[in-house]
Every structure is written in C-alpha cells, then in structure tokens.
Amino acid sequence: MTEFWLISAPGEKTCQQTWDNMMVATTRTNSLSTNHKLNIPDLKVGTLDVLVGLSDELAKLDGFVEGVVKKVAQYMADVLEDSRDKVQENLLANGVDLVTYITRFQWDMAKYPIKQSLKNISEIIAKQVSQIDNDLKARASSYNNLKGNLQNLERKNAGSLLSRSLADIVKKEDFVLDSEYLITMLVVVPKTGYADWKKAYETLSDMVVPRSTNLLFEDQDSGLFNVTLFRKALDDFRLKARENKFTMRDFQYNEEELKADKEEMTRLSTDKKKQFGPLVRWLKVNFSEAFIAWVHIKALRVFVESVLRYGLPVNFQAMLLQPTKKTTKKLREVLNDLYKHLDSSAAGVIDFAMDIPGLNLSQQEYYPYVYYKIDCNLLDFKL
C-alpha cells in the first residue's frame, strides 16, 4: 500500500517511550504496520488563538496543495501518454521515490525557516504552490492547444476516403489544370464497385473524356479514382454518379494550399517536440516542489493539532505508520486501545459532523490521537 498514517501521541516519561510502546503494540507481536519516526523541528508555537485559526487554514491549504500535486502528476501522465514506467520515473521528491522521501522526511530549513511564525510558513507554502498551479494552467493550455491542432490535422489525414484529407495522396499529374473547358474530379468507389465504375463512368454524362480514369489510392473499403470531363457536364455527372452509388469528392487541386497544409503539419509536429522536453522537466521539478510542500503541511498540521490537544510545553511524538490492506482494521483497533485514555469520548470513531474550534473535526474521522492520511497513489491509474 502507498498509504501512510501520520499520527502523534503525547510523550509519556519521554517521547522515546511513546515510540517504543507504539512499536510493541503494532509490530513486535503482530506486524500490523511498518513504522518510522517523523522528525518535526522546534517550531514557534505562538498564541492559542493563532493556533486555533491556523488549524482551519491549514486544513484548507492541505486540500488545495493535494489537488495541485495530483494535477501535476496527472498532467505528467497525460503528456507522457500514460507510459507508466516513465511516469513513475519522473514522479520523485528531492530525487527519490515518494515512499522514501516520506519515510526519511527532514524539514527543509532553507525553504521553510523555523524562525518564522507558523502562519508565515503556511503563507510561504500557499504562495509557492499557488504559483505552481498558475504556471501549470498556462503551460498546459499552450501545450494542449498545440497538441489539439496537431491531432485535428492528423485526423484529417486518416480515416475514410469519403472524409480524409487527400493532400498526401494526389499529385499534380493526376489532374487537368488551367483548362477553360475540362475539369478533373475525384470519385470514391466501393471496392465491390470497381468493375461497375470502369464500365459506367464514360456513360454517366455525354461529355466524359474516354479512358480518363485511374485508381489513385485505396484503403480497405474504397478506391479513389480521377475522371476528366467537360465543365458544363459536371452537374449532370454528379447526379448520375450519386444514383450509381459513386461519391464525388469536392476537391480542387491547389498546390499552394497543399504545400501550406504540409508545412503546418511539420511546424506543429516540430513545435510539439520542442515543447515536450522542457515541459516534462518543468513538471518533474514542480511535482517535487509541490509534493515536498504537501508533506511539510502535514507536519505543520500534526504540530498544531498536537499542541492544541496535548497542551504545552510541546511534548509529543510524531509517527508515520504504513499499514497493509489486510491489517488496517486491526491496526485501528490496536491504536484506539493504546490511546483511548487520551480522550474517552473518542474511543470509537466519531463520524458525524462536529464543530469544535481548533480541532478541525467537521465531516471527518476523529480518533483519540492526532491522525492524518498521506496517500502516495496520486494518479487515476495504479502505478
């Protein structure tokens, strides 16, 4: 599982004793989870009023940053077109995989100086991640427009002969050009109707040039034929062709237009390749930045919630538990037994809406210990 439970409990005689007791309860007898200490530095506590307000702000910020992390990850998958191995290679935090980063978490003193107030640190993170979100929207819009235009052109060059572009099929010599009286038309004929076409085309109108048809191209269903006739017979020929289930394509050979279409396709394809490398690098760097910011928010929330619940002086142990799918229910029971003395009203999960200022319980699970979840599976598909 890529899910982690970030919990805290008050220090007993020492924080190490809190850790040891949790380890005994969860691993030494029944291996319910893989556990790591989460090292949170000595942050500035501030006043109780500030902590209460900050608790709610951090909950909102947590949701926002998680959303941005997922958007960057999902867009990485879109750009790499769901090449799953490549996506996994690029979704790293500080150059390591996400599980390694979380389990070896160290507070980034340079980015988030602990001499700053908790509120200032949260504002630094909010500003940083908002910038990533705005940049992502701009870059995604530019790349998606380019990709969309290219796909539209590619679609025109694929599909049925009844609708696809003919630019890469026909040649100048397939047409009578610059004639006052004659015109060359293109006709789509079902494969089963080739013989009928060759037998009938000269008689569909009075003014068809004999032996002027050639098969220019065929796909699995139909063939594209040219035919030359007098301009004044065009309407009559079109009507008779339709009656015989031959489909005329409205196509006038224009060398400049065909050349422009090919150049546009080449330009879009080149632009897409030019943007691809820098875009993937940007996504890789900013996924790492956003994910690191997200884990720091989780650490901030544990710190704030622990102080609000367990009081001052600051004395708690933050712990990271990685359960397995089979053990989640049992692990929850063991933790509730271990910490039920902290809050007798929360011995079971409170799953109805509550509104206790500062404890951030509205519409979420509440346990006698501080608890937050970090899920590293950030994509629609499973890595």
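Right above here is the structure, for reference.
Reading guide: rules and limits
- Residues numbered from 1 in each chain as written.
- Predicted model: local features only at pLDDT ≥ 70, side-chain atom pairs only at ≥ 80, totals over all residues.
- Heavy atoms only, no water.
- Helix = DSSP H or I, 4+ residues; strand = E, 2+ residues; numbered from the N terminus.
- Rg over C-alpha atoms; globule rule 2.2 N^0.38 Å.
- Buried < 20%, exposed > 50% of the residue type's maximum accessible area, 1.4 Å probe, protein only.
- Contact = heavy atoms within 4.5 Å.
- Lys, Arg positive; Asp, Glu negative; His and termini not counted.
- Charge placed at Lys NZ, Arg CZ, Asp CG, Glu CD.
- Salt bridge = Lys/Arg side-chain N within 4 Å of Asp/Glu carboxyl O.
- Pairing = 2+ DSSP bridges.
- Axes fitted to C-alpha atoms, helices over the stretch in contact; angles between N-to-C directions.
- Parallel < 35°, antiparallel > 145°, perpendicular 65-115°, else oblique.
- Left-handed = near helix turned anticlockwise from the far one by under 90°.
- Nonpolar A, V, L, I, M, F, W, Y, C, P; charged D, E, K, R; others polar.
- Phe/Tyr/Trp six-rings, centres within 6.5 Å; stacked < 30°, edge-to-face > 60°.
- Lys NZ or Arg CZ within 6 Å of the ring centre and 35° of its normal.

Q: Would you mind showing me how to read the overall build of the protein here?
A: The helix and strand inventory of the protein stands at nine helices and eight strands. The C-alpha atoms of the protein give a radius of gyration of 34 Å, which is well past the 21 Å a tight globule of 383 residues would have. Considered along the principal axes of its C-alpha atoms, the protein spans approximately 105 × 40 × 35 Å. Of all 383 residues assigned to the protein, the portion counted as buried reaches 46%. By sequence separation, contacts in the protein at least 24 residues apart represent 79% of the contacts at least 6 residues apart. Each charge class in the protein can be summarised by its mean position, and for the 52 positive and 52 negative side chains these summaries are 3 Å apart.

Q: Looking at this structure, I do not really get the pattern of salt bridges. What am I missing?
A: On inspection of all chains with the given rule, the structure shows 18 salt bridges. Close ionic contact of Lys137 with Asp133 constitutes a salt bridge, the shortest N to O distance being 3.4 Å. Of the two residues, Lys137 and Asp133 are both situated in helix H5 (residues 118-156); the distance of four residues between them amounts to about one turn of the helix.

Q: Help me understand the sheet that holds strand S3 (residues 182-190), please; the structure alone is not making it clear to me.
A: Each strand in a sheet pairs with its neighbour through backbone hydrogen bonds, running either in the same direction (parallel) or in the opposite one (antiparallel). What the four strands build is an open sheet, ordered S4-S5-S3-S6; its pairing is antiparallel. The open sheet has two edge strands, strand S4 (214-218) and strand S6 (247-249), and neither has a second partner. Pairwise comparison of adjacent strand axes, ignoring direction, gives a mean angle of 35° for this sheet.

Q: Is there a simple way to think about the packing of helix H2 (residues 48-79) against H5 in this case?
A: How two helices sit against one another is set out by the angle between their axes and by the gap between those axes. Running from N to C, H2 and H5 point in directions that differ by 25°, and their axes come no closer than 10 Å. Our classification of the angle between H2 and H5 gives roughly parallel. Once H2 is placed against H5, the crossing between them reads as left-handed. When grouped by side-chain class, the residues that make up the contact of H2 with H5 number 18 nonpolar, three polar and seven charged.

Q: Would you mind showing me how to read unusual backbone geometry here?
A: For residues besides glycine, phi is generally negative; the peptide bonds are generally trans as well. Put simply, Leu312 and Pro313 share a cis peptide bond, and its omega is -5°. Among the secondary structure elements, Pro313 is positioned in the loop between helix H8 (255-310) and strand S7 (316-323). The backbone of Asp178 shows a phi angle near 60°, a positive value even though the residue is not glycine. Structurally, the position occupied by Asp178 is in the loop between H5 and S3. Although it is not a glycine, Lys245 adopts a positive phi angle of roughly 65°.

Q: Just checking my understanding: could you explain the environment of Leu378 for this structure?
A: Within the secondary structure, Leu378 is located in the segment after strand S8 (370-375). The class of Leu378 is buried, set by a relative accessible area of 8%. When residues no more than four places from it in sequence are discounted, the contact partners of Leu378 are Val69, Lys70, Ala73, Gln74, Leu98, Phe287, Phe291 and Trp294.

Q: Any chance you could explain the packing of aromatic side chains here in plain terms?
A: Working definition: an aromatic ring pair is given by the centre-to-centre distance plus the angle between the planes. According to the stated counting rule, one finds 17 aromatic pairs in the structure shown. Their ring planes at 75° and their centres at 6.4 Å tell us that Trp107 and Tyr112 sit as a pair that is edge-to-face. Both residues of the pair, Trp107 and Tyr112, belong to the buried class. With centroids separated by 6.0 Å and ring planes inclined at 65°, the aromatic side chains of Phe303 and Phe316 adopt a geometry described as edge-to-face. Residue Phe303 is found in helix H8, and its partner Phe316 is found in strand S7; the two are separated by 13 residues along the sequence. The class for Phe303 is buried, based on a relative accessible area of 2%. By relative accessible area, which is 13% here, Phe316 ends up buried. Taken together through their ring pairs, the aromatic side chains of Tyr194, Trp197, Tyr201, Phe225, Phe237 and Phe246 make up a single cluster. Between Arg332 and the ring centre of Tyr367, over which it is positioned, the NZ or CZ distance is 4.0 Å. One Lys or Arg, Arg332, reaches over the ring of Tyr371 and ends 4.2 Å from the middle of that ring.

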